[in-house]
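Each chain, letter by letter, is given below.
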Amino acid sequence: EDKVVQSPLSLVVHEGDTVTLNCSYEVTNFRSLLWYKQEKKAPTFLFMLTSSGIEKKSGRLSSILDKKELFSILNITATQTGDSAVYLCAGAGGTSYGKLTFGQGTILTVHP
Amino acid sequence: DAGVIQSPRHEVTEMGQEVTLRCKPISGHDYLFWYRQTMMRGLELLIYFNNNVPIDDSGMPEDRFSAKMPNASFSTLKIQPSEPRDSAVYFCASSPIRLLGDTEAFFGQGTRLTVV
């Protein structure tokens, strides 16, 4: 059975701090690792990673994949209160495109 | 496009009643997914469709759950009879197909179901 594990489960920081969120995966016929941000409603897409060692960046957020060690990290620099959310990672694999296995999420709280 | 549209946004029902959740995917997307999210179990895939055909329903918890996709623009998830442990947020998501790999799934706003 496919499995995605995130750590830490929760994190409390102050504005301006840098955080690193971890995601390890065991996904059969792995193809991609996706990161989502979930505030009060629907998860919204952040990144999709398919190649090892290539960093993807969007503003203060960046992510990288290590396919040898089966993990990914999401970095957020200079955190703001608006970054407070649940961050989900998901592995895509198997014989059919589109199916995602999600981790349990990391709850990030950023205090002013 | 308005995105994935789910209805109702909130549903409160009594144990034993039938519940139907509805979803309109993004036009042109070939995949449709139903997820359930709880504090204990996180986001779990229940079932997904490709071109209106159910591909994998192994996540459907039991026979009380059923899902249909009669056409490319509409899907339902039905629980009959409902039980308190079915209380959760149910998300519908859709994604397009791309020749060389995965794409991100686009989520609806969810239906918060409470069974009392």
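Above this note sits the structure.
Okay, so let's go over this structure. (Residues numbered from 1 in each chain as written. Chains lettered and ligands numbered in written order. Predicted model: local features only at pLDDT ≥ 70, side-chain atom pairs only at ≥ 80, totals over all residues. Heavy atoms only, no water.)

1. Observations concerning the environment of B:Tyr35
Then step 1. Counting through the fold element by element, B:Tyr35 comes out in strand 4 (residues 31–38).
Then step 2. For the pair B:Tyr35 and B:Asp63, spaced 28 residues apart in sequence, the C-alpha to C-alpha distance is 16 Å.
Then step 3. Not counting the four nearest positions on each side in its chain, B:Tyr35 is found in contact with A:Leu100, A:Phe102, B:Leu43, B:Glu44, B:Leu45, B:Leu46, B:Val89, B:Tyr90, B:Phe91, B:Ala93 and B:Phe107. (Helix = DSSP H or I, 4+ residues; strand = E, 2+ residues; numbered from the N terminus. Contact = heavy atoms within 4.5 Å.)

2. Section: the pattern of salt bridges
Residues and elements named next belong to chain B.
Then step 1. Evaluation of the coordinates by the stated rule reveals 10 salt bridges over all chains.
Then step 2. Between Arg 85 and Glu 62 there is a salt bridge whose closest N-O contact spans 3.2 Å. Of this pair, Arg 85 sits in the loop between strand 8 (74–79) and strand 9 (88–95) while Glu 62 sits in the loop between strand 6 (53–56) and strand 7 (65–71), placing them 23 residues apart in sequence.
Then step 3. Here Arg 85 makes a salt bridge to Glu 83, at a shortest N to O gap of 2.6 Å.
Then step 4. Connected through shared salt-bridge partners, Glu 62, Arg 64, Glu 83, Arg 85 and Asp 86 make up one network. (Salt bridge = Lys/Arg side-chain N within 4 Å of Asp/Glu carboxyl O.)

3. A few points about the interface of chain B and chain A
Then step 1. Taken together, the contact pairs 19 residues of chain B with 18 residues of chain A.
Then step 2. Interface area for chain B against chain A, summed over the two sides, is near 1700 Å², with a carbon-plus-sulfur share of 56%.
Then step 3. Here chain B is connected to chain A by 0 salt bridges.
Then step 4. On the surface where chain B and chain A come into contact, there are 2 residue pairs in polar contact (both at pLDDT 80 or more).
Then step 5. Of all elements in the fold, only strand 4, strand 5 (42–50) and strand 6 of chain B reach the threshold of two or more residues within the side of chain B that touches chain A.
Then step 6. Among the elements that line the side of chain B that touches chain A, the one with the most residues is strand 4 of chain B, at 4 residues. (Buried area = accessible area lost by both parts, 1.4 Å probe. Polar contact = N/O pair within 3.5 Å; in protein donor to acceptor, adjacent residues only side chain to side chain.)

4. Details of the state of the cysteines
All names here are of chain A.
Then step 1. All chains considered together, the criterion is met by 2 disulfides over all chains.
Then step 2. In this model Cys 23 forms its disulfide with Cys 89; the gap between the sulfur atoms is 1.9 Å. Taking the torsion about the S-S bond as the criterion, the Cys 23 to Cys 89 disulfide, at about 75°, is right-handed. Residue Cys 23 is found in strand 3 (residues 19–26), and its partner Cys 89 is found in strand 9 (residues 85–92); the two are separated by 66 residues along the sequence. This pair shows no difference in class: Cys 23 is buried, exactly as Cys 89 is. (Disulfide = S-S within 2.5 Å. Buried < 20%, exposed > 50% of the residue type's maximum accessible area, 1.4 Å probe, protein only.)

5. Digging into the layout of surface pockets
Empty space among the atoms becomes visible once a probe the size of a water molecule is rolled across them.
Then step 1. The space that makes up the largest pocket amounts to roughly 540 Å³.
Then step 2. Along the walls of the largest pocket sit 19 residues, with A:Glu1, A:Asp2, A:Thr101, B:Leu43 and B:Glu44 positioned nearest its centre.
Then step 3. Going through the elements one at a time, strand 1 (3–7) and strand 10 (100–102) of chain A together with strand 5 of chain B are the ones with two or more residues in the lining of the largest pocket.
Then step 4. Here the element with the most residues in the lining of the largest pocket is strand 5 of chain B; it accounts for 4 residues.
Then step 5. Residue classes in the lining of the largest pocket are distributed as 7 nonpolar, 5 polar and 7 charged.
Then step 6. Quantified by volume, the second largest pocket comes out at close to 460 Å³.
Then step 7. Considering the residues around the second largest pocket, the lining is formed by 20 residues, among which A:Val86, A:Gln104, B:Gln37, B:Thr38 and B:Met39 are closest to the centre.
Then step 8. Of all the secondary-structure elements, those providing two or more residues to the lining of the second largest pocket are strand 9 of chain A together with strand 4, strand 5 and strand 9 of chain B.
Then step 9. Looking at the lining of the second largest pocket, its residues break down into 9 nonpolar, 8 polar and 3 charged. (1 Å grid on protein atoms, 1.4 Å probe; cavity = no way out; pocket = protein on both sides within 12 Å on 5 of 7 lines; lining within 4 Å. Points joined across faces, edges and corners; volume = space filled by probe spheres on them. Nonpolar A, V, L, I, M, F, W, Y, C, P; charged D, E, K, R; others polar.)

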